[in-house]
Amino acid sequence: MSKHLLKTDSLAFSLIGAAHAVALVRTGTALPQALAHIFAKTNAPAATRGAIQDIAYRTMRRWGRVETLLGLLADKAPAPALLHGLLSCALALIADPDDASYETFTVVDQAVTAAAADSDIAHAKGMVNAVLRRFLRERDALLRQALEKPEAVWNYPAWWIDAARSAYPHDWQAILREGNSAPPLTLRVNRRAISVADYLQTLSDNTMPATRIGPDAIRLEQPVPMGRIPGFDQGLVSVQDAAAQLAAPLLDLHDGMRVLDACAAPGGKTGHILESANVDLTALDNDPKRLPRIEQNLQRLQLNATLEVGDAGADGWWNGKLFDRILADVPCTASGIVRRHPDIRWLRRKGDAAQLATLSARILDNLWRMLQPGGKLLFVTCSLWPQESEAQAAAFAVRRQAIRLPAPGQLLPAANAEKNHDGLFYALFQKPAV
Ligand SMILES: C[S@@+](CC[C@H](N)C(=O)[O-])C[C@H]1O[C@@H](n2cnc3c(N)ncnc32)[C@H](O)[C@@H]1O
């Protein structure tokens, strides 16, 4: 972050912080990493970090509209990237007439203050002022013109909108809309530590209204920072989407089974498997930097697994003993979890689904060899694209003559009173007994 003397509790400070993060996303950095990089360089208090994060996430959810508007308001792309980021963040806060979270004139004033305070873009403070004030003056006409472009209406790249429309001719609009909503905070109760009823009581005692939305799943009415979740540090609960909580029950686990969690980091489903039964679990991931996350999660939950770094598509790490159950939560485009990661849509490319499908076919074929006859393999993606999910599952079943058992298939993202979960895909296979 460049040097400036803004007060950490000012909107200008948060705007410039978010602008740095958005500028990094523009160069291909994922938003969580961009924010971590920025937070590491500032001693801003937690509330300011929260505000920076909020603005950056809002900007990602409105980037299609903001970029279209900037194209109408400026002759050429604003440079340097920080200036572009600042204008994007400011516009994102005022571009939706239905959202009054930020007072428009305050945003303009603070964006100009932020520009003036940063030596890299101070020369452009007049331009920031002119662009944002023109937007306010001509807002209706500019929005009308911008909304002729699907990217500005839906806030996704054009290819993504086309892909959703072609895969889901009836549901594509609802799917895109859900992807722009703020996700709920869903917890998974660790049944080894506390019952769901007792944990609900704990939440009620802390005046945190919540609803049970699955066997172990509780949704808080108001998301709170991790540090405020009762019993989190003691392992009473974990943060996990309700759809992701379907994996462990589908595996049909029994005490004493040998289980492989093949693409395990950061260990969300690993923890649930171990909470469900006394199994001998191997948690594998090919990214050594992500393995400590599994370790931390299991330590917090006071559970144990054998952790391995290795490629699930090869067998260098394997001791040759067959598994009774295998979870293959394969790498994918993550198109089903964009409400939690609104930057993903801007970072992915059209060809990614095909490349990832090739990788996960290799992983599935390899894991199948490691499964006991009669054993079950659960294939999971957090993708909406059939190429990575149902088409992959159907082709695999034919290729390996796998028995297909009942499973939810494609779950579309949902955010209504009864259901609130991400878009995941589940297919369950059984190896014929010999
Ligand atoms: C969807 S995430 C898994 C999420 C995890 N199961 C959970 O519930 O927290 C996919 C994981 O697969 C890992 N991965 C990617 N390619 C892999 C490979 N060839 N072998 C093993 N793991 C791989 C990634 O590092 C990533 O951690």
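Residues numbered from 1 in each chain as written. Predicted model: local features only at pLDDT ≥ 70, side-chain atom pairs only at ≥ 80, totals over all residues. Heavy atoms only, no water.

Describing the overall build of the chain
- Looking only at helices and strands, the chain features 18 helices and 13 strands.
- Taking 2.2 N^0.38 as the reference for a compact globule, 434 residues should give roughly 22 Å; the C-alpha atoms of the chain span a radius of gyration of 23 Å, in line with that estimate.
- In terms of principal-axis extent, the alpha carbons of the chain reach across some 75 × 45 × 40 Å.
- Counting the 434 residues in the chain, one finds 55% classified as buried. (Helix = DSSP H or I, 4+ residues; strand = E, 2+ residues; numbered from the N terminus. Rg over C-alpha atoms; globule rule 2.2 N^0.38 Å. Buried < 20%, exposed > 50% of the residue type's maximum accessible area, 1.4 Å probe, protein only.)

A word on the layout of surface pockets
- If you add up the space inside the second largest pocket, you get close to 230 Å³.
- Residue lining of the second largest pocket: Val-25, Arg-26, Gly-28, Trp-63, Gly-64, Glu-67, Pro-157, Trp-159, Arg-345, Trp-346, Leu-347 and Arg-349, and that is the complete set.
- Of all the secondary-structure elements, those providing two or more residues to the lining of the second largest pocket are helix 1 (11–26), helix 4 (63–73) and helix 16 (344–347).
- Across the lining of the second largest pocket, the residue classes tally to six nonpolar, two polar and four charged. (1 Å grid on protein atoms, 1.4 Å probe; cavity = no way out; pocket = protein on both sides within 12 Å on 5 of 7 lines; lining within 4 Å. Points joined across faces, edges and corners; volume = space filled by probe spheres on them. Nonpolar A, V, L, I, M, F, W, Y, C, P; charged D, E, K, R; others polar.)

Comments concerning the site of the ligand
- Around the ligand, a shell composed of 19 residues is seen, among which Asp-285, Arg-290, Asp-311, Ala-312 and Asp-329 lie nearest.
- Residue Arg-290 places a side-chain N or O atom 2.7 Å away from an oxygen atom belonging to the ligand.
- A distance of 2.7 Å is found between a nitrogen atom of the ligand and a side-chain nitrogen or oxygen belonging to Asp-329.
- Split into classes, the residues belonging to the shell around the ligand amount to nine nonpolar, four polar and six charged. (Near = heavy atom within 4 Å. Polar contact = N/O pair within 3.5 Å; in protein donor to acceptor, adjacent residues only side chain to side chain.)

Looking at the packing of aromatic side chains
- Overall, the coordinates contain eight aromatic pairs when judged by the stated rule.
- Aromatic pair Trp-63 and Trp-346: ring centres 5.8 Å apart, planes at 85 degrees, arrangement edge-to-face. You can see Trp-63 sitting in helix 4 and its partner Trp-346 sitting in helix 16, a full 283 residues away along the chain. Comparing Trp-63 with Trp-346 shows no difference in burial state: the two are buried.
- Taken together, the aromatic side chains of Tyr-156, Trp-159, Trp-160 and Trp-385 make up a single cluster linked through ring pairs.
- Over the face of the ring belonging to Phe-232 we find Arg-300, whose NZ or CZ atom lies 4.0 Å from the ring centre. (Phe/Tyr/Trp six-rings, centres within 6.5 Å; stacked < 30°, edge-to-face > 60°. Lys NZ or Arg CZ within 6 Å of the ring centre and 35° of its normal.)

Things to note about helix 10 (residues 158–167)
- Along helix 10, the residues classified as buried are Trp-160, Ile-161 and Ala-164. Down the axis of helix 10, the buried side of the element spans an arc of 100 degrees, and every buried residue falls inside it.
- Packed against the buried residues of helix 10 are helix 9 (150–154), helix 11 (172–179) and helix 16. (Arc of directions from axis to C-beta. Contact = heavy atoms within 4.5 Å.)

Observations concerning the pattern of salt bridges
- Counted under the stated rule, the structure contains 23 salt bridges.
- Across the pair Arg-348 and Asp-352 runs a salt bridge, and its minimum N-O distance is 3.7 Å.
- Exposure remark for Asp-352: the relative accessible area of 16% places this residue in the buried category.
- The partner of Asp-365 in a salt bridge is Arg-399, with the nearest N and O atoms 3.0 Å apart. Taken together, the positions of Asp-365 in helix 17 (residues 352–369) and Arg-399 in helix 18 (residues 390–400) put the pair 34 residues apart, joining distant regions of the chain.
- Classification of Asp-365 by relative accessible area gives buried; the value is 19%.
- One network of salt bridges, with partners in common, ties together Asp-54, Arg-58, Arg-62, Asp-96 and Asp-99. (Salt bridge = Lys/Arg side-chain N within 4 Å of Asp/Glu carboxyl O.)

Description of unusual backbone geometry
- With omega at 5 degrees, the peptide bond leading from Ala-79 into Pro-80 counts as cis.
- Residue placement: Pro-80 occurs in the loop between helix 4 and helix 5 (81–94).
- Omega for the bond connecting Ala-265 with Pro-266 falls within 30 degrees of zero, at 5 degrees, which places this linkage in the cis form.
- With respect to the helices, strands and loops of the structure, Pro-266 is situated in the loop between strand 5 (258–261) and helix 14 (268–276).
- You will see that Thr-207, though not glycine, has its phi angle at about 45 degrees, which is positive.
- Residue placement: Thr-207 occurs in the loop between helix 12 (196–205) and strand 2 (210–212).

Looking at the packing of helix 6 (residues 104–117) against helix 7 (residues 125–137)
- Running from N to C, helix 6 and helix 7 cross one another at 165 degrees; their axes reach a closest spacing of 8 Å. The angle between helix 6 and helix 7 falls in the class roughly antiparallel. Between helix 6 and helix 7 lies a crossing whose hand is right-handed. Within the contact between the two elements, helix 6 uses Thr-104, Phe-105, Val-108, Ala-111, Val-112, Ala-115 and Ala-116 and helix 7 uses Lys-125, Val-128, Asn-129, Leu-132, Arg-133 and Leu-136. (Axes fitted to C-alpha atoms, helices over the stretch in contact; angles between N-to-C directions. Parallel < 35°, antiparallel > 145°, perpendicular 65-115°, else oblique. Left-handed = near helix turned anticlockwise from the far one by under 90°.)

A short note on the side chain of Asp-365
- Looking at Asp-365, its side chain comes within polar contact range of the side chain of Arg-400, at 3.0 Å.
- Other than its neighbours up to four places away in sequence, Asp-365 contacts Phe-396, Arg-399 and Arg-400.

Some remarks on the sheet that holds strand 9 (residues 371–381)
- Spatially, seven strands are ordered 7-6-5-8-9-13-10 in an open sheet, and the strand pairing comes out mixed. Two strands bound the open sheet, and with one partner strand each, they are strand 7 (306–309) and strand 10 (403–410). Pairwise comparison of adjacent strand axes, ignoring direction, gives a mean angle of 15 degrees for this sheet.
- Where strand 6 (residues 280–285) lies against strand 7, four bridges are found, and the strand directions are parallel. Looking across to strand 7, one finds that Asp-285 is bridged to Val-309.
- Its contacts with the sheet place helix 15 (residues 291–301) against strand 6 and strand 7, and it is angled at close to 170 degrees to strand 7.
- Along the sheet face, helix 18 touches strand 9, strand 10 and strand 13 (425–430) and points at about 10 degrees away from the line of strand 13. (Pairing = 2+ DSSP bridges.)

These results come straight from atomic positions and should not be treated as a statement about function.
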